[in-house]
Amino acid sequence: MAVRHSEVLSPEGFRVDGRRANEARRLRLRLGASPGADGSAYVELGNTKVLATVSGPHESIRKGAHDAAALHVELTTLPFASGVYRAHGRSDRASQELCAAVRKSFEAVVQLHLYARTQIDVAVCVMQTDGGVRSAVVNAVTLALVDAGVAMEDFLCACSVGAVGGVLLLDPNAQEDQAGSELSIAYLPRSERISAVQLESKLPASSLDEVMNVAIEGCKQMFDIMRGAVQIRTQELLHSRGMFNA
Amino acid sequence: MEHMAAVSRVFVKRTRRGQVKTHVRQHYLRDDVPSGSPHIDPADAECRLSASAPRYLVLDTNVVLHQIDLLERPALCDVILLQTVLDEVRHNKSSIYKRLRALVDDDRRRFHVFCNEFHRETYTARETGESPNDRNDRAIRRATQWYSRQLEGVCEVLLLTDDAENLRLAREAGLRAERVRSFVSSLPNAGDLIEVLALHEEEAGEAEAGGGRKQNEGQRYTPHLPMSTISREVEAGSLHQGKLRVRSHNTRQATVSVRSVPGHSEVLLRDREAMNRATEGDIVVVRLLSEDRWKDTNERLGDPAADDDLTTSETAGASMFAADQEMVAQQDWEQEQQAKSQKTSKRACGEVVGIVKRAWRPLVCVLERDSGTGNQYLVEPVDMKFPKINITTRQADLLVGKLIVVALDFWEVSHRFPTGHYVRTLGNVGDQEAESDSILLTHDVRTAEFSAQIQACLPAKGWTIPEDEIARRTDLRNKPGVIVCSVDPPGCVDIDDALHARLLPVSEGGKDGSPLYECGVHIADVGHFIKQGTAIDREAATRGSTVYLTTKRIDMVPKRLGEDLCSLHEQVDRLAFSCIWVIDEDANIVSTRFEKTVIRSAAAMSYEEAQVRMDDKSMTDPLTLNLRSLNAIAKKLKARRTAAGALSLASPEVRFVLDSESRDPTDVQMYQLRESNSMVEEFMLLANISVAKEITRAFPQCALLRRHPSPAPGAFDALNGYLGQHGFQLDVSSSLALAQSLDECIKPEDPYFNRLVRILTTRSMQQARYFCSGSVVPEEYLHYGLAAPIYTHFTSPIRRRAQYADQVVHRLLAAIIGWEPVNPETLDPAAVNDLVENLNTRHTMAQHAGRASVALFTLLFFKEREVTEDAYVIQVRENGIVVLVPRYGIEGIVYVCARNEKNPFTFDNKLNILTAPGITIRAFDKLRVLIRVDSSKPHRPKLQLSVVEPKLPTA
């Protein structure tokens, strides 16, 4: 059900789902979605739904370097996540690649050296997919880590951009995604650094700068919403402990 | 994002693998959808709708689909087009969607597109049990209601619909709604507009009751089966789907190409009843008749002269207005071959039971004055493959003797002919301009001027090559020994190729000291001016090709580009894309390179001038020497190609000598070929082949190539059967064998015989086509006619066959040499396939239009002449023969007996020979025919051929 090139953006400037080119999908966030875990966050990016839970830092059961915490990331996709039944394993290549990418990005942001001799386990469950899974996962893990109180240098926000027939679309959904190439980046909004870039198909080198700029703008939009969610969660917690009377 | 709300749409679909997939789509609703009206959005500076308009019109989908001709009249302004309507139109008919978009783009018309599906207050969710159609109608009413509320008291909002139910519901909801006809009648210039209104089937009944044409009682045709039955039965194999082609020599019959009937590639529809209201090009579903009702393969030519007023049975072959002569004959050859190659001697016959898709487009017609009943008239399409059409008009007197454009609307079961409506007038019948316009329209050629946006893509006047551009390129202007020159037809203004050859100094020579030559082909660098994705590029891609008519041409790119900026004129600096080889004495290629260059042509010669230089032994200037080296190498290249089996083919094309003032044809000439033609051709072929290899090496999946498939098995059986009677035989086992046996088909007393055989051989072969390298296995890249394993078009980006294909190839090659990157779209096999499809259609259409134009001029030429000329029989049938007149390149049918008369000849249907006492007619026999224009129908003159020698017996 790929969208044809000419149709991704109507002459009136609307995409198939009613967004304009520079609008991301609705981002819905809930911190502490899974109260039993040390930290958790549920993220809905349009129809892409992801739950991330964090356990730790706790004592490392594995041997290894003891001067910093070890970060483990595990990802499962529900069998009916894409709308058609498919038995995803933890070991399928796409999940493994995504796990590795998420771990690498977060190793640079989480202050692992503060937690020597420990490990931090991150479990991500992809419940529904509709494009932008990578961005949703990164955003969910950031919030879950924040919820767990793990020290980080900065937020890590992710967003993707699709280049379809010469048009740049922020945060493409699965329908738009099939029609062109997609670039997704993970961005540190406060230090204004890029932590990861992922591009799976060809893109003219000359247009890379422009695409990156659009993606960074998207990440900033994500950041505003994520920071808002963190503030609300913090107020809730303070309130529940009677330490905040606003 | 705070102005947005989201709803989800969930639906279930079966995937290709048979799994069931749940699709969940988020759909955003918003408040900031522009309404286009300054009353509602005063802050919006870009409102399309006027503030002073007394009313805005909202159109229903059926109005857009049926009344697009009305909408295109400037009378209707301030129209709101709903997204729902646009989507429906796009899915139903893309041609109308394109026309609608053109209207929206026209600022003067004030059409505003309102995205009602994305507006929070007009979004309409589908209710359970509601059909998509009903939902769409409801969405349209809801949007109308929204506008009415917003504009209450300021401006009226009127919904135009021809759907009775929608009209009723809209009025119930308190909306202003009207039928198109009643709305148009209320306008001040109603008379004019009513003409172009399409009739609806439901309206037709009313019109008839009101004193229209008396139709035969009851149902003339069998009603079509419902769509659901059709798709089920086609899947089950009891019905067969295919494209309908009306037979060229007998327009009352048609064939449907099918794949699902074992042993038959097509099904014959024997009469109009079997065609059951389907017309040329429609995708139809047929049911086979029982085998005892099938037909023998050999048939009569379509019967001459219409009998009663109501039938259309003119034979397309004899009319020079008919679309395309060569095609006509070609199709017939093919049909004959296919029939013969099949073991069974009977042809499958069938009848149409349903039409999946109509191929209806506007047709050029001529009104028949005598056909009028009340306001209803019959018009006869110029393209004989279409039946006559009923139209309603009040201005019949004005339309007589004119070429008019008519659009088809519907064809009722009880009507002998379909119903259509008048669109516009082109001009007088027989008028050169009007007839040319008619040809262009018939072949779907875009004739609009290039827009300002497109012109703006070209550099300003007085452009010269910038210094930095020269610095990037190889400069061949002052390179010692390099003399670039071009050889073209006389008077050529758009020179797109130039050549050079030089003997390399010994230091750069071959290992054993043998001399090496450097030869270059320099092609105008269109890529420098046309960048991918620009307005000019998109326009060129749609047009695909320049169309050449006898007196004018319809450019693919603006004239200035082809005739000035790109054209490699004499003594002018120009940008070129060069293909340069090092070639040894025996014309073996030692190395090849591709470069962007700057050149200055030393001379732009005509073929004749070049030939004179080469032949004149006393001339020894460098330019002439350059030409001689080129020619020497070209001869060797040609010899090698011939040895590999390249075919020398022929067509009966002729050229008109036109009166300089009136542009009327005064004489006809054959094209003359010189050695210098062949020299240029050889190098162009070499360049195309080299480029084809290079782009396929670099882009195996998405290179744009051209192939010419080997002839279908049995394709030459018919021709060989004819030739056998004259003691010749073609060996078709390989192209080499074919080329050799063609050379042997010589009658010493008749020099034209060989050429005639070549013409018919050409027709027995398949058409060359563009294709995307990934879509075909490499063994099938073959270009049969040129005996080249791989081929493309690189050398003609602006001229003859000025093809968009050449430009795509230029881009690919530029990417390979690292000049500039290509867009991903050029490398997407699916997109390349789409492009190729369009290019092939455009290319064929351009060819056909060119030939139709030649046919038109042939007719004008014979208007005041009667000529007796030699002719050759190229086909023999039971009641007539098809002859070709070489002097004028025309062919036509000569009947040996009139309809319903006793045939004085007996027909041998094995050997295809007609015999009568004292006379035998075989294929390839030479006759003398009288050519004149038959003006018995003043509104539609046609060329008539009759045999004067030998004298034919009459019944």
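Numbers given to residues run from 1 along each chain, matching the order in which its sequence is written. Labels follow written order: the first chain is A, the first ligand is 1, and so on. With pLDDT at 70 or above as the cut-off, local features in this predicted model cover only qualifying residues; side-chain atom pairs require 80 or more to be listed or tallied, and sums for whole chains, interfaces and linings still use all residues. Derived side-chain values reflect all non-hydrogen atoms in the structure, with water molecules and hydrogen atoms excluded from consideration.

- As named in an unreviewed UniProt entry, chain B is Ribosomal RNA-processing protein 44, taken from Prymnesium parvum.
- UniProt positions are given in the numbering used here, feature names are shortened, and annotations may be inferred rather than shown by experiment. Quoted verbatim from the Sequence similarities (unreviewed entry) field of the UniProt record, the comment on chain B reads "Belongs to the RNR ribonuclease family."
- In its Cofactor (unreviewed entry) section, the UniProt entry covering chain B states "Mg(2+)".

- In its Sequence similarities (unreviewed entry) section, the UniProt record describing chain A reads: "Belongs to the RNase PH family."

Section: the overall build of chain B
Inference 1: Secondary structure assignment for chain B yields 26 helices and 40 strands.
Inference 2: For this measure, only C-alpha atoms enter the radius of gyration; the expected value for a globule follows 2.2 Å times N^0.38, where N is the number of residues. A compact globule built from 955 residues should have a C-alpha radius of gyration of about 30 Å, and chain B, at 31 Å, falls within 12% of that.
Inference 3: Principal axes of the C-alpha set define a box for chain B whose edges measure 95 × 80 × 65 Å.
Inference 4: Residue exposure (1.4 Å probe, protein chains only): buried if accessible area is under 20% of the type maximum, exposed if over 50%, otherwise partly exposed. Here chain B, with 955 residues, has 55% of them falling under the buried criterion.
Inference 5: Contacts are residue-level and defined by heavy atoms, with any inter-residue pair within 4.5 Å sufficient. Taking contacts inside chain B between residues at least 6 apart in sequence as the whole, the part at least 24 apart equals 68%.
Inference 6: Surface accessibility follows the Shrake-Rupley procedure with a 1.4 Å probe radius. Residue values consider only the protein chains on display as shielding. Accessible surface, chain B as shown: approximately 41200 Å² in total, 49% of it carbon and sulfur. Secondary structure is summarised from DSSP: a helix means a run of H or I of at least four residues, a strand means a run of E of at least two, and numbering begins at the N terminus for each.

A short note on the interface of chain A and chain B
Inference 1: If you look at the interface, chain A gives 30 residues, while chain B gives 29 residues.
Inference 2: Note on definitions: buried area is the accessible-area loss of two parts on being combined, 1.4 Å probe, summed for both. Carbon and sulfur atoms supply 51% of the area buried between chain A and chain B, which totals about 2500 Å² over both sides.
Inference 3: Between Arg30(B) and Glu23(A) there is a salt bridge, with its nearest N and O atoms 2.8 Å apart.
Inference 4: Whenever a nitrogen or oxygen atom comes within 3.5 Å of another N or O atom, the pair is scored as a polar contact, on the condition that within protein one atom can donate a hydrogen and the other can accept it, and that pairs from neighbouring residues in sequence are kept only if both atoms are in side chains. On inspection of chain A and its partner chain B, the count reaches 8 residue pairs in polar contact (both at pLDDT 80 or more).
Inference 5: Under the convention adopted here, Pro, Cys and the residues Ala, Val, Leu, Ile, Met, Phe, Trp and Tyr are nonpolar, Asp, Glu, Lys and Arg are charged, and Gly plus all remaining residues are polar. Taken together, the residues that form the side of chain A that touches chain B break down as 9 nonpolar, 10 polar and 11 charged. Salt bridge, as applied in this entry: a Lys or Arg side-chain nitrogen positioned within 4 Å of an Asp or Glu carboxyl oxygen.

As for helix H25 (residues 804-816) of chain B
Residues and elements named next belong to chain B.
Inference 1: Its 13 residues give H25 an end-to-end C-alpha distance of 19 Å, which sits within 8% of 18 Å, the value for a rise of 1.5 Å per residue.
Inference 2: Extensive coverage of H25 is indicated by the burial of 11 of its 13 residues.
Inference 3: Residue Gly818 follows H25 closely and has a positive phi angle near 75 degrees. Multiplying 1.5 Å by the helix residue count minus one yields the expected span of that helix.

So, helix H23 (residues 735-744) of chain B
Inference 1: Buried within H23(B) are the following residues: Ser735(B), Ala737(B), Leu738(B), Ala739(B), Ser741(B) and Leu742(B).
Inference 2: Lining the buried residues of H23(B) we find helix H20 (622-644) and helix H24 (752-764) of chain B.

Thoughts on the sheet that holds strand S7 (residues 167-170) of chain A
Residue and element names in this part refer to chain A.
Inference 1: Strands qualify as paired when DSSP identifies two bridges or more between them. A sheet is described by the order of its strands in space; here 4 strands give the open sequence S7-S6-S8-S9, paired in antiparallel fashion. The sheet terminates laterally at S7 and strand S9 (193-199), the two strands that pair on one side only. With strand direction ignored, the average angle separating the axes of adjacent strands in the sheet is 25 degrees.
Inference 2: With 4 bridges connecting them, strand S6 (residues 157-164) and S7 associate as antiparallel partners. Note on S7: the bridge partner recorded for Ala163 is Leu168.
Inference 3: Only C-alpha atoms enter the line fits that serve as axes; for helices the fit covers just the stretch in contact. Angles between N-to-C directions range over 0 to 180 degrees. Set on the sheet, helix H2 (residues 133-148) makes contact with S6, strand S8 (181-188) and S9; between it and S6 the angle comes to about 170 degrees.

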